[in-house]
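Observations on the three-dimensional arrangement
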Amino acid sequence: MEHLLPKSTLALRERAREVARKFVLPNAWKYDRLQEYPWEIKQALADAGLMKVWIPKEYGGEGGGVLDLCVVVEELSRCCGGTGVLFAVNALGSFPILIAGTDEQKQKHLPPIATGEKLIAFGLSEKNAGSDAGGIQCRAEPDGEGGYVINGEKKWNTNGPAADLNTIFAVTDPASKSRRLSAFLLEKEMEGYKVGYIEDKMGIRCVPVGELEFNNCRVGTEHLLGGKPGLGFKHAMMTLDRARPGVAAQAMGLAQGALDFALVYATQRQQFGKPISSFQMVQKMLADMATKVEAARALIYSAAKAVDAGATNLTKYAAMCKFYATDVAMEVTTNAVQVFGGYGYMRDYPVEKYMRDAKITQIYEGTNQIQRLVVARNLIKEAAELSDLAEYIPIPEHLR
Ligand code: CAA
């Protein structure tokens, strides 16, 4: 797939691959078992300049786009899916600032994210509002002095327990339908900001996922994203459009990593006096796995390029690559366990972790059911442009 990437992105991919092989792979299973944040790995990513890839140059970043972000996520996830999201979630949390932040907010928050000194997360979901993101209940009420008082909680906040900063969505206008939400940039040392229950997870165990609680958390308008209320839902959706290719890249990296192990194992494992890679049923599995990984990769790169080019239909492409790549990851990682047979099911072998890590990619940043709904809604809108084809469809006039 080299031909699909510009030279600068290929160089970045090499840099990410080197860090992933040197620091991530040898430690991946240790942090999976411990379920602890790998601070040494985060430092290695920061030292290699990877935490600044998507941040504009004027704020201390490399000025890369979503395509650059995706190749880094892919390389990290190929070695550890948890590390892939530990990295990518900083882009998810900081995209709202890039999309809508004031100059002051960008100046204050982006440089320390670029150096890796500060970690950021994204707080949208709540116990009763997962897919129905517009239905959140966390409230930000005017404090009578030009600021807000925030009360409520967030659920499944990936990286939240480790993050210094969190982009949080709250209701500022309960009576409005389309301008109900606003985003706030909250810092962990603020009074009334508390990390609650931390989840015990199936996969991505090196990155903490937890609840956040806000009890009379008072903030000035400098914490309101963009300085204007009412645009929170729109900014959340625009953020997810830009971040979903990253989840797809995490999934595709996991699939590639599991395939790499399955290939090595299949050529070494002997049964009936031959390597199992000589059996046609195993060959069919390997061929299908590799083809689906390549198809996912092509779709992700294409969607990421659409985002970077500011395409008008990026919502559809982001959703397509998210559900396709994550479904491929679940299938490929499950089949990698199958190729390993009984060994594959055991924790002493590498592939079961890939399967566990892959599952969440079908769920977070919008379930794959929601992604299909988003794609279908967009297709139905686009159907209007094809209306001239209707004359070739012989539906009787009285049924039209
Ligand atoms: N870009 C810009 N604006 C958008 C938009 C987009 N992609 N999608 C919708 N909007 C706008 C619409 O134009 C509309 O604006 P008006 O009211 O002005 O017309 C408004 O937003 C409402 O849109 P919808 O009517 O389409 O909203 P809906 O309530 O039907 O919901 C949905 C749409 C697609 C289901 C949305 O709720 C959704 O994406 N849900 C999934 C949420 C999600 O991904 N959550 C994951 C959180 S992140 C995470 O997982 C945490 C983590 O830590 C990794």
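Computed from a prediction, not measured in an experiment: that's the story for all the values here. (Residues numbered from 1 in each chain as written. Predicted model: local features only at pLDDT ≥ 70, side-chain atom pairs only at ≥ 80, totals over all residues. Heavy atoms only, no water.)

**Thoughts on the overall build of the chain**
Each helix and strand in the chain was counted, giving 11 helices and nine strands. Over its C-alpha trace the chain gives a radius of gyration of 22 Å, about what one expects of a compact globule, namely 21 Å for 400 residues. Summarising its shape, the C-alpha atoms of the chain cover approximately 80 × 70 × 40 Å along the three principal directions. Across the 400 residues that make up the chain, the buried fraction comes to 53%. Sequence separation of 24 or more characterises 74% of the internal contacts of the chain that already satisfy a separation of 6 or more. Each charge class in the chain can be summarised by its mean position, and for the 47 positive and 47 negative side chains these summaries are 4 Å apart. (Helix = DSSP H or I, 4+ residues; strand = E, 2+ residues; numbered from the N terminus. Rg over C-alpha atoms; globule rule 2.2 N^0.38 Å. Buried < 20%, exposed > 50% of the residue type's maximum accessible area, 1.4 Å probe, protein only. Contact = heavy atoms within 4.5 Å. Lys, Arg positive; Asp, Glu negative; His and termini not counted. Charge placed at Lys NZ, Arg CZ, Asp CG, Glu CD.)

**Notes on the pattern of salt bridges**
In total, this model carries 27 salt bridges according to the counting rule given. With its nearest N and O atoms 3.0 Å apart, the salt bridge here joins Glu-74 to Arg-297. Of this pair, Glu-74 sits in helix H4 (residues 66-79) while Arg-297 sits in helix H8 (residues 280-308), and the two are 223 residues apart along the sequence. By relative accessible area, Arg-297 is classed as buried at 6%. Salt-bridge contacts for Arg-218 lead to Asp-143; the nearest nitrogen and oxygen are separated by 3.8 Å. A residue pair is termed long-range when its members are at least 10 positions apart, and Arg-218 in strand E7 (residues 209-219) and Asp-143 in the loop between strand E2 (139-142) and strand E3 (148-158) qualify at 75 residues. In this structure Arg-218 comes out as exposed when scored by relative accessible area, which is 55%. Among the charged side chains, a network of salt bridges with common partners joins Asp-32, Asp-200, Arg-205, Arg-347, Glu-352 and Arg-356. (Salt bridge = Lys/Arg side-chain N within 4 Å of Asp/Glu carboxyl O.)

**Let's talk about the site of the ligand**
Around the ligand, the structure places 24 residues, and the nearest of them are Ser-131, Thr-158, Arg-244, Glu-365 and Arg-377. In the model, an oxygen atom of the ligand is placed 2.8 Å from a nitrogen or oxygen of the Arg-244 side chain. Separating a nitrogen atom of the ligand from a side-chain N or O atom of Thr-315 is a distance of 3.3 Å. About the coverage of the ligand: the protein hides 69% of its 1,100 Å² of free accessible area. Elements with a contribution of two residues or more to the shell around the ligand: E3, helix H7 (232-268) and helix H11 (368-382). Looking at the shell around the ligand element by element, the count peaks at seven residues for H7. Of the residues assigned to the shell around the ligand, the class counts are 12 nonpolar, seven polar and five charged. Split by domain, the residues of the shell around the ligand number at least three in each of domain 2 (121-229) and domain 3 (234-382). (Near = heavy atom within 4 Å. Polar contact = N/O pair within 3.5 Å; in protein donor to acceptor, adjacent residues only side chain to side chain. Areas by Shrake-Rupley, 256 points an atom, 1.4 Å probe, with all protein chains shown as cover. Nonpolar A, V, L, I, M, F, W, Y, C, P; charged D, E, K, R; others polar. Domains from an automatic or database assignment.)

**Some details on the pairing of E7**
Judged from the eight bridges that link them, E3 and E7 form a sheet pairing that is antiparallel. Residue pairing in the sheet places Asn-157 in a bridge with Gly-210 of E7. By the bridge criterion, four bridges tie strand E6 (residues 193-198) to E7 in an arrangement that is antiparallel. The partner of Lys-194 across the bridge, within E7, is Glu-213. (Pairing = 2+ DSSP bridges.)

**Here's the deal with helix H9 (residues 314-340)**
End to end, H9 covers 38 Å across 27 residues, agreeing with the expected 39 Å (1.5 Å per residue, within 8%). Looking one or two places after H9, you find Gly-341, whose phi comes out positive at around 60°. (Expected span 1.5 Å × (residues − 1).)

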